[in-house]
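Coordinate inspection notes
As a plain string of letters, each chain reads:
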Amino acid sequence: MATFARRPNPVFSDEYRALVAVLATARKRAGVTQRGLADRLGKASSHVQRIEGGQRRVDALELYQIAKLLQVDPGELFEQIAAKLDELEPLRSAGPARP
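Below you will find a few notes about this structure. (Residues numbered from 1 in each chain as written. Predicted model: local features only at pLDDT ≥ 70, side-chain atom pairs only at ≥ 80, totals over all residues. Heavy atoms only, no water.)

1. Quick look at the pattern of salt bridges
One pass over the structure, following the stated rule, counts three salt bridges. Glu62 is paired through a salt bridge with Arg56; the nearest N and O atoms lie 2.9 Å apart. What makes Glu62 buried here is its relative accessible area of 8%. Given the relative accessible area of 24%, Arg56 is considered partly exposed. (Salt bridge = Lys/Arg side-chain N within 4 Å of Asp/Glu carboxyl O. Buried < 20%, exposed > 50% of the residue type's maximum accessible area, 1.4 Å probe, protein only.)

2. Considering helix α1 (residues 14-29)
Each α-helix winds once per 3.6 residues, and so residues spaced three or four apart point in a common direction. Look at α1: 23 Å from first C-alpha to last across 16 residues, which is about the 22 Å you get at 1.5 Å a residue. Regarding α1, the residues found buried are Tyr16, Ala18, Leu19, Val20, Val22, Leu23, Ala24, Ala26 and Arg27. Just downstream of α1 lies Gly31, where phi reads positive at about 70 degrees. (Helix = DSSP H or I, 4+ residues; strand = E, 2+ residues; numbered from the N terminus. Expected span 1.5 Å × (residues − 1).)

3. Some points on the nonpolar core
In this structure, Leu23, Leu37, Val58, Ile66, Leu70 and Leu77 are the most contacted members of the largest nonpolar core, which totals 20 residues. The set of elements that each furnish at least two residues to this core consists of α1, α2 (34-41), α3 (46-52), α4 (60-69) and α5 (74-94). For this core, the element with the most residues is α1, which contributes six residues. Each residue touching Leu70, except ones within four places of it in the same chain, is listed here: Ala26, Arg27, Ala30, Val32 and Leu37. (Core = buried A, V, L, I, M, F, W, Y, C linked by side-chain atoms within 4.5 Å. Contact = heavy atoms within 4.5 Å.)

4. Looking at unusual backbone geometry
Look at Gln71: it is not a glycine, yet its phi comes out positive at around 60 degrees. Mapped onto the secondary structure, Gln71 falls in the loop between α4 and α5.

5. Considerations on α2
Listing the buried residues of α2 in full gives Gly36, Leu37, Ala38 and Leu41. Just downstream of α2, Gly42 is the residue with a positive phi angle, here 75 degrees.

This is the structure in structure tokens:
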């Protein structure tokens, strides 16, 4: 019987932490609390706490909705996320040191 390696949970990756950092910064710049954003989303107050705590993933549609509710252009928000991810990329592509 074949065994399969478990893939790491992407919610806990450096990449996801970068996305969460951009979302939290955008929320704070808009002067909106976690509870306020959850109310605007029509979700329980813990919903945004779990997103920003890295316990819950955000899909593309929710990312768009969050941007609109924070009155941030969704394209600009995604560009900020992409910039943060690009900062991580050199670390990823460098790979292990060669002797």
